[in-house]
Amino acid sequence: MQALVEHLPHLDSHVQGTIRVVAFYDTLMRRRVDLPALARASAGLAECVAGIRLHGTGRVIRMAPDGRQASAPSPPASTTAPITLDEEEIGTVWLERPGPPSPLDEVLLDRLAIAAAAVVERYGPARTTMADPALVELVISSDSDEAARARALRLLGFAADLPVHVVAVRSRLPLDQVGGLVCPARLVKAAPLADVGVILATTVDPARFPAGVRAGIGAATSPDRSWQQARTALRFTTPRQPVVHYDSLGAIALLAQVPHDAARDNADVAAIARIADSPEDLETLDAYCATGSLRRAADLLHLHHSSVARRLDQIGKTLGIELTEPTGLMRARLALTARRLLDD
């Protein structure tokens with residue numbers, strides 16, 4: 001690149017500057033610099049603070065033009081660019097330039113982002129969210145021995161002394177996006193299996209799952225056991241409760257072990273089928289079972305409580321269950337849940 005600049009002195013100044021920026025980062029990559037050195041060199045070249053942030057670890061590096069870490073609070077970035085690895089955004093680079101951007105800032109950030117992705121890949125494990133499904137399957141399979149499981153976890157980047165939560169997910173959103181949301185500041189890995197997505201993370205925030213995602217969260221025991229728990233919890237999710245933690249199920253989790261034929265032949269479960277053709281009745285029964293209160297169910301349904309009472313009276317007659325009695329409410333809850341498990 002430098003030779004090209006020397007042999008073509010009449011190049012447009014912007015083109016010359018672009019070539020020099022590319023050559024600058026080519027030199028840095030040949031020297032195999034790390035992220036702090038990359039940010040430090042970029043700040044010197046740009047003559048303003050340069051920053052790098054990795055989404056997977058939450059690591060932030062800000063360097064000033066004098067080569068020191070920038071200590072002042074970070075102002076809004078003047079120019080930003082995504083760091084992309086394996087077609088996934090794994091971080092961001094930016095400049096904190098007071099005043100208008102320089103004509104070469106866009107080129108500089110583009111090369112900085114490419115260099116940062118190369119550094120992350122070289123010194124890994126790569127902080128991408130999407131992982132090799134074969135490695136993830138080794139982690140969660142009950143057929144894996146402990147040595148193979150530990151090796152797979154190490155290759156995925158997980159420390160041996162940290163528990164790993166396993167999440168079973170059904171989502172139309174990309175798994176890497178879901179994983180990044182529920183575990184924004186720690187290592188998270190995701191992979192699609194045959195019928196469900198898997199997320200492995202050291203921490204999981206249930207409140208951060210986006211709308212439209214169903215998720216079952218296993219306890220942080222052995223990953224294979226946690227995976228079974230997560231699959232079970234996923235079966236108990238509903239539109240009203242799209243995220244279920246296995247620990248919250250308690251004895252209700254035992255319903256997942258009932259053979260399908262036994263559940264289908266149960267009189268109460270069979271009775272639910274008699275109202276299955278009426279979405280209005282199913283929604284009313286679900287709201288009442290979820291709240292255990294006529295008035296709270298009416299609030300959920302945005303109806304007057306007298307209207308809900310009339311519906312429940314008719315539903316109770318169809319089911320042959322006295323819904324206003326504690327025993328009847330418990331029977332309806334169990335039957336409704338068992339019916340959902342059959343439909344899953």
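As the structure is a prediction and not an experimental result, all values here were calculated from the model.

Criteria and thresholds
Residues numbered from 1 in each chain as written. Predicted model: local features only at pLDDT ≥ 70, side-chain atom pairs only at ≥ 80, totals over all residues. Heavy atoms only, no water. Helix = DSSP H or I, 4+ residues; strand = E, 2+ residues; numbered from the N terminus. Rg over C-alpha atoms; globule rule 2.2 N^0.38 Å. Buried < 20%, exposed > 50% of the residue type's maximum accessible area, 1.4 Å probe, protein only. Salt bridge = Lys/Arg side-chain N within 4 Å of Asp/Glu carboxyl O. Axes fitted to C-alpha atoms, helices over the stretch in contact; angles between N-to-C directions. Parallel < 35°, antiparallel > 145°, perpendicular 65-115°, else oblique. Left-handed = near helix turned anticlockwise from the far one by under 90°. Contact = heavy atoms within 4.5 Å. Core = buried A, V, L, I, M, F, W, Y, C linked by side-chain atoms within 4.5 Å. Pairing = 2+ DSSP bridges. pLDDT = per-residue confidence, 0-100.

A. Focus on the overall build of the chain. Across its full length, the chain holds 15 helices and 9 strands. Here the chain has a C-alpha radius of gyration of 28 Å; the compact-globule value for 344 residues is 20 Å, and the former is much larger. For the chain, the spread of C-alpha atoms along the principal axes amounts to about 90 × 50 × 35 Å. Of all 344 residues assigned to the chain, the portion counted as buried reaches 43%.

B. Quick peek at the pattern of salt bridges. The final tally for this structure, using the stated rule, is 13 salt bridges. The partner of Arg97 in a salt bridge is Asp105, with the nearest N and O atoms 2.8 Å apart. A single burial state applies to Arg97 and to Asp105, both of which are buried. The salt bridge involving Arg311 is made with Glu280; its shortest N-O contact spans 3.3 Å. Of this pair, Arg311 sits in helix α14 (residues 305–319) while Glu280 sits in helix α12 (residues 279–291); the two residues are 31 residues apart in sequence, bridging distant segments of the chain. Assessed through its relative accessible area of 44%, Glu280 is described here as partly exposed. Ionic contacts of the salt-bridge type, sharing partners, join the residues Glu146, Arg149 and Asp224 into one network.

C. Here's a closer look at the packing of α12 against helix α15 (residues 326–343). It is the contact of α12 with α15, at a shortest axis distance of 10 Å, that shows an interaxial angle of 120°. Relative to α15, the element α12 is oriented oblique. Here α12 runs over α15; the crossing is left-handed. Where α12 abuts α15, its residues Leu282, Leu285, Asp286, Tyr288, Cys289 and Thr291 lie against Leu329, Ala332, Arg333, Leu336 and Arg340.

D. Representation of the nonpolar core. Membership of the largest hydrophobic core comes to 32 residues, with the highest contact counts inside it found for Tyr25, Leu35, Leu38, Ile52, Ile83 and Val93. Listed by contribution, the elements that provide at least two residues to this core are α2 (13–30), α3 (35–46), β1 (49–54), β2 (60–63), β3 (79–85), β4 (88–96) and α4 (105–123). The greatest single-element share of this core, amounting to 10 residues, is contributed by α4. When residues no more than four places from it in sequence are discounted, the contact partners of Val93 are Gly51, Ile52, Thr79, Thr80, Ala81, Ile83, Leu109, Leu112 and Ala113. If you look at the next biggest cluster of nonpolar residues, it comprises 24 residues, including Ala287, Cys289, Ala297 and Val308.

E. Representation of the sheet that holds strand β5 (residues 165–170). Pairing is mixed across the open sheet formed by 5 strands, whose spatial order is β6-β7-β5-β8-β9. Of all the strands in the sheet, just β6 (188–192) and β9 (243–245) have a single pairing partner and so form its edges. When the angles between neighbouring strand axes are averaged without regard to direction, this sheet yields 20°. Of the strand pairs in this sheet, β5 and strand β8 (residues 214–217) are connected by 4 bridges, and their pairing is antiparallel. Counted as the bridge partner of Ala168 is Gly216 from β8.

F. Up close: the confidence of the model for the chain. On average, the chain scores 88 in pLDDT, and the residues at 70 or more come to 94%. This model gives residues 1–8 a pLDDT under 50, and the stretch forms 9 contacts once residues within four places in sequence are excluded.

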